[in-house]
Amino acid sequence: MRFGVNYTPAVGWFHSWLDFSASDTARDLEAIASLGADHVRIFPLWPVVQPNRTLIRASALRDVATVVDIAGSFGLDVNVDALQGHLSSFDFVPSWLDSWHRRNMFTDPDVVASTAAYVEALAGSVADRPNLLGMSIGNEVNQFAHAPHPAPHDITAEQGHAWAAAMVAAARRGLGREARLGSGTSVASDAGSRPGPLVTVAQYDAAWYDDAQPFGPEHAADHGDATITHSWVFNGTATLHGPLGAGSVRHGEYLLQLAAAWNREPDRPNWLQEVGAPTNVVPADQAASFTEQTIRHVLGAQQLLGVTWWCSHDVSRSLADFPELEYDLGLFTNDGALKPAGEAFAALARAGVPSPAEPPSTALVLDDVLDDGAPRYGTRADCAPGGRFAAAWLALAESSADGRGPQVLLRSRLADEALRTARGITTIVDVPGDLDGTALTVAHPATMP
């Protein structure tokens, strides 16, 4: 079980890549290590590294490698994100992909080839670092594919699969892993048995909650080496349940279970790679409790690779135009003082709380197909905050004897006895037609073919 932090530089935020300072970076990473964290996730800005479609700046790649080395000096492993992409309400796409040069970032052959070249070069620049935890293709790149982005790059789900496969293959080439792994191969969750740094595809929660979003659960579960979730309760969850309500502090746990339902291999790792306490819906005096309760519930999920908190440092008030909540998401203030949420995170990280050895034995069935086996539109809406499935999962989680939320089992895989056995599912529950009550009834035994 890993505890990590998404690294937001205290000086200059991510614009610091334009004027890189090893000493500022060392100060920040030393503070993160003092929390008991074992890894950080870092975000080199795509336009800084690849300002022209055929120019990848060697000095920028060296800066990324230097950050990885500095982190290693403090005992921190590093996950490097490639495509930034979208960060804290700002888009960072290179000028060769915008305005007069706008082309579809997911389907244009020249753009895809050049983006893959960047991903491969970035992976290659850090491939030999012993503390490299992995490479993520980008930060919530699926937000570029559909509304509410103001100028989406329209694609189909099939085109999304092709793009994700191309980017994962590029990262693996850079890491020297292409000879050992195919594009769909999973890896074990413990670092000792994995064949090299992880390659992952990260999406924001529209993948799980919005039926119109072309990147969906299958893109998360079918590409890379672990299934990634990003949990933010400003998506309506905290409004519905309250900042410390069960639906809010269990949202990260719920997303992990929901995402794991699409894993084709029962031992595929699940990683809560981004989660935080947004002050627009979680008051500052409740952030520490939210942090502790969220992490404790997350620890009940099976095949949990780890949790990576957003973020390390508050954004400086000297920087303009951020949404108000973005200024106060850090575990540290911008000048380095540890906040109550940081103390809560550190207490859990230092304790080394293990995830459970056995998965929850109960599974709630998610209707992803119709009676004739055809895909069911509306499945993701049911899973969103306030949806029927989300409500049923929470009711079952709150009534469970061990305090852990149930697994999620797709109806399309209900007859797969080997999968159910491998996942440790012994009790299967259907969502009731009427959710006025809280009692859920066992629909059929787990041995039903």
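The written sequence of each chain sets the order in which its residues are numbered from 1. Restriction of local features to residues with pLDDT of at least 70 applies here, the model being predicted, together with a cutoff of 80 or more for giving and counting side-chain atom pairs; totals for whole chains, interfaces and linings are based on all residues. Excluding hydrogens and water, the side-chain values take into account all heavy atoms of the structure.

> Would you mind going over the overall build of the chain with me for this structure?
A run of H or I in DSSP becomes a helix once it reaches four residues, and a run of E becomes a strand once it reaches two; helices and strands are each numbered from the N terminus. From N to C terminus, the chain includes 15 helices and 14 strands. For the C-alpha atoms alone, the extent of the chain along its principal axes is close to 60 × 50 × 45 Å. Any two residues whose heavy atoms approach within 4.5 Å are treated as being in contact. Within the chain, contacts between residues separated by at least 24 positions form 76% of all contacts whose residues are at least 6 apart in sequence. Accessible surface, the chain as shown: approximately 16,700 Å² in total, 53% of it carbon and sulfur. All accessible-area figures derive from a Shrake-Rupley calculation using a 1.4 Å probe, and residue coverage is judged against the displayed protein chains alone.

> I would appreciate a short explanation of the packing of helix H11 (residues 287–298) against helix H12 (residues 340–351) in the present structure.
In a packed pair of helices, the relevant descriptors are the angle between the two axes and the axis-to-axis distance. Their axes nearest at 7 Å, the elements H11 and H12 cross at an angle of 25°. As summarised for this structure, H11 and H12 are arranged roughly parallel, according to the angle between their axes. In the packing of H11 onto H12, the handedness of the crossing is right-handed. Residue-level contacts link Ala287, Ala288, Thr291, Glu292, Ile295 and Arg296 of H11 to Pro340, Ala341, Ala344, Phe345 and Leu348 of H12. Looking at the contact of H11 with H12 residue by residue, the classes come out as eight nonpolar, one polar and two charged. Only the contacting stretch of a helix is used when fitting its axis, a line to C-alpha atoms as for every element, and angles between N-to-C directions run 0 to 180 degrees. Angle categories: roughly parallel below 35 degrees, roughly antiparallel above 145, roughly perpendicular from 65 to 115, and oblique for all the rest. The sense of a crossing depends on the near helix, which, turned anticlockwise from the far helix by less than a right angle, makes the crossing left-handed and, turned clockwise, makes it right-handed. Residue polarity follows a fixed list, in which Ala, Val, Leu, Ile, Met, Phe, Trp, Tyr, Cys and Pro are nonpolar, Asp, Glu, Lys and Arg are charged, and the others, Gly among them, are polar.

> Help me understand unusual backbone geometry, please; the structure alone is not making it clear to me.
Negative phi characterises most residues that are not glycine, and trans characterises most peptide bonds. A cis amide bond, omega 15°, links Ala147 with the succeeding residue Pro148. Within the fold, Pro148 resides in the loop between strand S6 (132–138) and helix H5 (157–175). One non-glycine residue, Ser89, lies in positive phi territory at about 85°. Tracing the backbone shows Ser89 in the loop between strand S4 (86–87) and strand S5 (90–91). The residue Gln303 is not glycine, and still its phi comes out positive at about 50°. When you line up the elements, Gln303 lands in the loop between H11 and strand S10 (304–310).

> Sorry, what's going on with the nonpolar core here?
Side chains of nonpolar character tend, in soluble globular proteins, to be buried together. Nonpolar cores are built from buried Ala, Val, Leu, Ile, Met, Phe, Trp, Tyr and Cys residues. Side-chain atoms within 4.5 Å join them into one set. Partly exposed describes any residue whose relative accessible area lies between the buried limit of under 20% and the exposed limit of over 50%, with all areas from a 1.4 Å probe on protein chains only and scaled to the type maximum. Counting 94 residues, the largest nonpolar core has Ile42, Val80, Ile137, Trp163 and Phe345 as its most contacted members. Setting aside chain neighbours within four positions, we find Ile42 in contact with Tyr7, Trp17, Val64, Val67, Val68, Val78, Asn79, Val80 and Asp81. One finds Ala221, Phe389, Leu394 and Val431 within the second-largest nonpolar core, a separate group that totals 26 residues.

> Which parts of the structure should I look at to understand the pattern of salt bridges?
Pairing is possible between side chains that carry opposite charge, provided their charged atoms lie close to one another. The working definition used for a salt bridge is a side-chain nitrogen of Lys or Arg within 4 Å of a carboxyl oxygen of Asp or Glu. Counted under the stated rule, the structure contains 21 salt bridges. The partner of Arg250 in a salt bridge is Glu253, and the shortest N-O contact between them spans 2.9 Å. Residue classification places Arg250 among the buried positions, given a relative accessible area of 3%. Its relative accessible area of 1% is what places Glu253 among the buried residues. With a closest N to O distance of 2.6 Å, Arg411 and Asp430 form a salt bridge. With a gap of 19 residues between them, Arg411 in the loop between strand S12 (407–410) and helix H15 (417–422) and Asp430 in the loop between strand S13 (427–429) and strand S14 (442–445) connect regions that are remote in the sequence.

> Any chance you could explain the pairing of S6 here in plain terms?
The two faces of a sheet get side chains in turn, since along a regular strand they alternate between them. Among the seven residues of S6, seven are classified as buried, and the element is accordingly described as predominantly covered. Between any two strands, pairing holds if DSSP finds at least two bridges. Across five bridges, the pairing between strand S3 (residues 77–83) and S6 is parallel. Pairing of Asp81 across the sheet is with Ser136, part of S6. In terms of strand pairing, S6 meets strand S7 (residues 198–200) through three bridges, oriented parallel. The residue bridging Ser136 from the neighbouring strand is Thr200, located in S7.

> Looking at this structure, I do not really get H12. What am I missing?
In an α-helix, one turn spans 3.6 residues, which is why side chains three or four residues apart end up on the same side. What a helix is expected to span follows from its residue count: subtract one and scale by 1.5 Å. Between its first and last C-alpha atoms H12 spans 17 Å; for twelve residues at 1.5 Å apiece the expected length is 16 Å, and the two agree. Those residues of H12 that sit buried are Ala341, Gly342, Ala344, Phe345, Ala346, Leu348 and Ala349. Packed against the buried residues of H12 are strand S1 (2–6), H11 and S10. One or two steps after H12, the chain reaches Gly352, where phi turns positive at roughly 60°.

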